[in-house]
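# An overview of the molecular structure
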Amino acid sequence: YDAFSGTFRAPVLGLYFFIVHGESVSDGRTYFQIMKGGDRQCLAFVGEGIHQSSSCAALVELTTDDVVFVEGIESEPGYLRAERTGFTGFLVQAY
């Protein structure tokens, strides 16, 4: 995982599990998604209101060097609370 770019690059071929969670800090709404390259793996919606939250998870088959990242859609700057927003994952099974 590259914390600077926010991307995960698969070190080995296999099945991976990823989850992202977000919480709002302002009265607005946003969508965010886990992406594998240009393909959406899951989509989450955080509704209007402070402290609204949502998560999405995906099991994804990756080949070596495939890239996975989180992308915000229609988000307002500063909308998601950084200390309560996270992205993590792990290798379930190498092939």
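Residues numbered from 1 in each chain as written. Predicted model: local features only at pLDDT ≥ 70, side-chain atom pairs only at ≥ 80, totals over all residues. Heavy atoms only, no water.

## A word on the nonpolar core
Put simply, the rule reads: What is meant by a nonpolar core is a set of buried Ala, Val, Leu, Ile, Met, Phe, Trp, Tyr and Cys residues, joined one to another through side-chain atoms within 4.5 Å. Whether a residue is buried, partly exposed or exposed follows from its accessible area with a 1.4 Å probe, protein chains only, as a fraction of its type maximum: under 20%, in between, or over 50%, in that order. Helix and strand assignments come from DSSP, with helices taken as H or I runs of at least 4 residues and strands as E runs of at least 2, each series counted from the N terminus. Only heavy atoms enter the contact rule, under which two residues are in contact if any of them lie within 4.5 Å.
Ranked by internal contacts, the top residues of the largest apolar core, which has 15 residues, are F8, Y16, F18, I34, C56 and L62. Elements with a contribution of two residues or more to this core: β2 (14-23), β3 (30-36), β4 (39-46) and β5 (53-62). Setting aside its immediate chain neighbours within four residues, L62 contacts F8, A10, V12, L13, G14, Y16, F18, K36 and V68.

## Considering the sheet that holds β4
Hydrogen bonds between backbone groups are what pair the strands of a sheet, and the pairing can be parallel or antiparallel. To keep it simple, the criterion reads: Should DSSP find at least two bridges between two strands, the strands are regarded as paired. Lines fitted to the C-alpha atoms define the axes, with helices restricted to the stretch that makes contact. Angles between their N-to-C directions range from 0 to 180 degrees.
Taken in spatial order, the four strands make up an open sheet running β1-β6-β3-β4, and their pairing is antiparallel. The open sheet has two edge strands with one neighbour each: β1 (7-9) and β4. Sheet twist, expressed as the average angle between the axes of neighbouring strands with direction ignored, equals 20 degrees. Bridge count for β1 against strand β6 (residues 67-73) is three bridges, and the pairing is antiparallel. Bridging from a neighbouring strand, F8 pairs with V68 of β6.

## Comments concerning the sheet that holds β5
The antiparallel open sheet is built from three strands, whose spatial order is β5-β2-β7. Of all the strands in the sheet, just β5 and β7 (86-94) have a single pairing partner and so form its edges. Averaged over all pairs of adjacent strands, the angle between their axes in this sheet comes to 15 degrees, without regard to strand direction. Looking at chain direction, β2 and β5 are connected through 10 bridges and run antiparallel. Bridged to F17 within β5 is L59.

## Digging into the pairing of β6
Within a regular strand, the side chains alternate between the two sheet faces. Looking at chain direction, β3 and β6 are connected through six bridges and run antiparallel. Paired with I34 across the two strands is V70, which belongs to β6.

## What about the side chain of S54?
Its location among the elements puts S54 in strand β5. Classification of S54 by relative accessible area gives buried; the value is 16%. For S54, the residues in contact, after removing those within four places along its chain, are V20, H21, G22, F32, A44, F45 and V46.

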